[in-house]
Amino acid sequence: MNLTDLLTAHKESFKEKFIEALAKKNSMTADEVRVDFKSFIEQFAGEKYNEVSQVVKRINEIEIPVFLNIRRDRMREDKCKICEGNEPNILEIKEKYGNRIEIFEVIEDRPEGLLYQIIFYEEAEEKKLPLTAIINRGELIKFWAGKTVDAAVYERYINKYLAKS
């Protein structure tokens, strides 16, 4: 799964839902909304996806495997117990692989946190943090959401892609 393709699909899905909402609110057809509000829709979607698009671009440009960690801000009072519980596994990966991989952290309640919904595209009532993923040259290799993952599991995927580079 290509990260850019996931971003594009998510953005298009958002625009379609937005068009439907505008059509309903203004008693118009979706086609009328697409024509009459085209520039507004593009501007609104562009603003909503600007930050996350920059993050995806940066991740795609990285030549080594990326270990992505989307988590709750450490400074919040309502700590994410699973995020905190997974931290030692991430630190172990960081210590073991150093500069052979890129650790990329995103805070879920910032604009770039939209990356969570882009990657975890399944319709789920409750999406839990953290979301960790292995990405290689823009390809989403594997991701995990809402659970701690042993460092050895991460290593299997990281080693596979380090061997290819």
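All figures in this text were calculated on a predicted structure; none of them were measured in a lab. (Residues numbered from 1 in each chain as written. Predicted model: local features only at pLDDT ≥ 70, side-chain atom pairs only at ≥ 80, totals over all residues. Heavy atoms only, no water.)

Asks: Mind showing me how you'd approach the pairing of strand 2 (residues 102-107) here?
Replies: Every other side chain in a regular strand lies on the same face of the sheet, so the side chains alternate between the two faces. The pairing of strand 1 (residues 66-71) with strand 2 spans six bridges and is classified as parallel. Bridge pairing links N69 to E105 in strand 2. Assessed by its sense of winding, the connection that carries the chain from strand 1 through helix 4 (residues 81-97) to strand 2 is right-handed. (Pairing = 2+ DSSP bridges. Helix = DSSP H or I, 4+ residues; strand = E, 2+ residues; numbered from the N terminus. Right-handed = clockwise from strand over helix to strand, strands pointing away.)

Asks: What is the right way to look at unusual backbone geometry in this model?
Replies: Across residues other than glycine, the phi torsion is negative in most instances, and most of the peptide bonds are trans. Put simply, L129 and P130 share a cis peptide bond, and its omega is -5°. One non-glycine residue, S27, lies in positive phi territory at about 50°. Tracing the backbone through its elements, the reader meets S27 in the loop between helix 1 (3-25) and helix 2 (30-36). On the accessibility criterion, S27 (68% relative accessible area) is exposed. Notably, R137 is not glycine yet its phi reads approximately 50°, a positive angle. In this fold, R137 is placed in the loop between strand 3 (131-136) and strand 4 (139-145). Residue classification places R137 among the partly exposed residues on the basis of a relative accessible area of 46%. (Buried < 20%, exposed > 50% of the residue type's maximum accessible area, 1.4 Å probe, protein only.)

Asks: Could you clarify how one ought to interpret the sheet that holds strand 4 in this entry?
Replies: Whether parallel or antiparallel, the strands of a sheet pair through hydrogen bonds between backbone atoms. The sheet built from four strands is open, its strands ordered 2-1-3-4 with mixed pairing. The open sheet is flanked by strand 2 and strand 4, the only strands paired with a single partner. Each strand of the sheet is rotated relative to its neighbour by a mean of 20°, with strand direction disregarded. Its contacts with the sheet put helix 3 (residues 38-61) on strand 1, strand 2 and strand 3, and the angle it makes with strand 2 is roughly 170°. Relative to the sheet, helix 4 contacts strand 1, strand 2 and strand 3, its axis offset from that of strand 1 by approximately 160°. (Axes fitted to C-alpha atoms, helices over the stretch in contact; angles between N-to-C directions. Contact = heavy atoms within 4.5 Å.)

Asks: Help me out: how do you make sense of helix 3 in this one?
Replies: The α-helix advances 3.6 residues per turn, and as a result positions three or four apart in sequence lie on the same side. Of all the bends in helix 3, the greatest measures close to 50° and is centred on N50. Buried within helix 3 are the following residues: I41, A45, Y49, V52, V55, V56 and I59. In this structure, the buried side of helix 3 is in contact with helix 1, helix 2, strand 1, strand 2, helix 5 (115-119) and strand 3. (Bend = angle between axes of the 7 residues up to and from the residue.)

Asks: Is there a simple way to explain the packing of aromatic side chains in this structure?
Replies: Aromatic ring pairs are described here by two measures, namely the spacing of the ring centres and the angle between the planes. Going through the model one piece at a time under the given rule, you end up with 11 aromatic pairs. With a centroid separation of 6.0 Å and 5° between ring planes, the pair formed by F14 and F18 is classed as stacked. With F14 and F18 both in helix 1, this residue pair falls four residues apart, about one helical turn. Residue F18 is classed as buried on the basis of its relative accessible area, which comes to 17%. Seen in terms of ring centroids, Y116 and F120 are 5.7 Å apart; in terms of plane orientation they differ by 35°. Their pairing is tilted. F120 matches Y116 in its accessibility class, with the two residues each being buried. An aromatic cluster is defined as three or more aromatic residues linked by ring pairs; in this entry it consists of F14, F18, F40, F44 and Y49. Its guanidinium or amino end placed over the ring of F14, K48 lies 5.1 Å from that ring's centre, counting from NZ or CZ. (Phe/Tyr/Trp six-rings, centres within 6.5 Å; stacked < 30°, edge-to-face > 60°. Lys NZ or Arg CZ within 6 Å of the ring centre and 35° of its normal.)

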